[in-house]
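Residue-level structure breakdown
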Amino acid sequence: FFTPLTIILGQNGSGKTTVIECLKMALTGELPPMVAKGSAFVHDPKISSESETRASIRLQFVDGAGTQVIVSRKFQLSVKARGQKQEFKTVEQLVHFIDAATREKRVVSSRCADVNKTVPELMGVSKAVLENVIFVHQDESLWPLGDTKELKVKFDDIFAATRYTKALEWMRKYRK
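Right, let's walk through the structure included here. Everything numeric in this text was worked out from a predicted model, so none of it was measured. (Residues numbered from 1 in each chain as written. Predicted model: local features only at pLDDT ≥ 70, side-chain atom pairs only at ≥ 80, totals over all residues. Heavy atoms only, no water.)

Here we look at the pairing of strand β1 (residues 52–62)
Judged from the 11 bridges that link them, β1 and strand β2 (residues 68–80) form a sheet pairing that is antiparallel. Across the sheet, Glu52 pairs through a bridge with Ser78, a residue of β2. (Pairing = 2+ DSSP bridges. Helix = DSSP H or I, 4+ residues; strand = E, 2+ residues; numbered from the N terminus.)

Notes on unusual backbone geometry
Unlike most non-glycine residues, Ser49 shows phi in positive territory, near 55°. By secondary structure assignment, the location of Ser49 is in the loop between α1 (16–28) and β1. For Ser49, a relative accessible area of 68% corresponds to the exposed category. Phi at Arg103 takes a positive value of approximately 65°, unusual for a residue other than glycine. Summarising the element assignment, Arg103 is placed in the loop between β3 (85–98) and β4 (105–109). (Buried < 20%, exposed > 50% of the residue type's maximum accessible area, 1.4 Å probe, protein only.)

With respect to the pairing of β3
The two faces of the sheet receive side chains in turn, since in a regular strand these alternate between them. Bridge count for β2 against β3 is 13 bridges, and the pairing is antiparallel. Pairing of Ser78 across the sheet is with Glu87, part of β3. Counting the residues that bridge the hairpin from β3 to β4 gives 6 residues, and of these Arg103 lies at a positive phi of roughly 65°.

Looking at the packing of aromatic side chains
Inspection of the entire model under this criterion finds 3 aromatic pairs. For the pair Phe41 and Phe75, a centre-to-centre distance of 6.4 Å together with 80° between the ring planes defines the contact as edge-to-face. Linking Phe41 in the loop between α1 and β1 with Phe75 in strand β2, this pair joins segments that are 34 residues apart in sequence. Plain terms: the ring middles of Phe75 and Phe88 are 5.5 Å apart, the flat faces sit at 20° to each other, and that makes the pair stacked. Here Phe75, found in strand β2, pairs with Phe88, found in strand β3; they are 13 residues apart in sequence, far enough to count as distant. For the pair shown, Phe75 and Phe88 are each scored as buried. Aromatic ring contacts, followed pair by pair, group Phe41, Phe75 and Phe88 into a single cluster. (Phe/Tyr/Trp six-rings, centres within 6.5 Å; stacked < 30°, edge-to-face > 60°.)

Observations regarding the pattern of salt bridges
Applying the stated criterion across every chain yields a total of 3 salt bridges. Here Glu30 makes a salt bridge to Lys127, at a shortest N to O gap of 3.0 Å. Remark: Lys127 occurs in helix α3 (residues 127–134) and Glu30 occurs in the loop between α1 and β1; sequence separation between them is 97 residues. A relative accessible area of 26% places Lys127 in the partly exposed class. For Arg54, the salt bridge identified is with Glu52, shortest N-O distance 3.1 Å. What makes Arg54 exposed here is its relative accessible area of 57%. (Salt bridge = Lys/Arg side-chain N within 4 Å of Asp/Glu carboxyl O.)

Quick notes on the packing of α1 against helix α2 (residues 115–123)
Packing of α1 against α2 leaves a shortest axis separation of 7 Å and a crossing angle of 105°. One element, α1, and the other, α2, form an angle in the roughly perpendicular class. Together, Ala26, Leu27 and Thr28 of α1 and Asn116, Val119, Pro120 and Met123 of α2 make up the contact between the two elements. In terms of residue class, the contact of α1 with α2 is made up of 5 nonpolar, 2 polar and no charged. (Axes fitted to C-alpha atoms, helices over the stretch in contact; angles between N-to-C directions. Parallel < 35°, antiparallel > 145°, perpendicular 65-115°, else oblique. Contact = heavy atoms within 4.5 Å. Nonpolar A, V, L, I, M, F, W, Y, C, P; charged D, E, K, R; others polar.)

Some thoughts on the sheet that holds β3
Taking strand neighbours across the sheet as the criterion, the 4 strands line up as β1-β2-β3-β4 in an open arrangement whose pairing is antiparallel. At either margin of the open sheet sits one strand with a lone partner, and together these are β1 and β4. Averaged over all pairs of adjacent strands, the angle between strand axes in this sheet comes to 20°, irrespective of strand direction. Across the sheet, α1 lies against β1 and β2, angled at about 75° from β1, the strand it touches most. Contacts from α2 reach β1, β2 and β3, with the element oriented near 45° to β3.

So, in structure tokens, the structure goes:
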């Protein structure tokens, strides 16, 4: 993508939303809205008369420190119980760090770190900003006009207001 802006254009059904949903999944680990447990996110194996479909998303970016990072997530959609039930699962989540000088890769798996927490930190953006501002789905884009209580929760999450308030309270208590 190019800075400061990348525009994705295309006809209906050409995959514009899919590209954005894959970016969101790579960065946050969150499935798109209205996707029944991932079954509509990965190609349905029944269409090709298979028992499972494997899928992967791979995203490469440079973090704030200038380190090249690759996020890799692999998924599987299986047909269970005589073709009636589908099971979606994340098979693997990896974060690769590539040393600029040596080009050596250091891999951190989901067992060693929480990938969903690590990746937004590497991007320098909170998960709340990624989910509610950058990658807000068109069906959920009217949240700023929604219920006051829900709005407060989202704004607190985006601006980390609760943590800020708690830190101030702690500082006041510590001074006394």
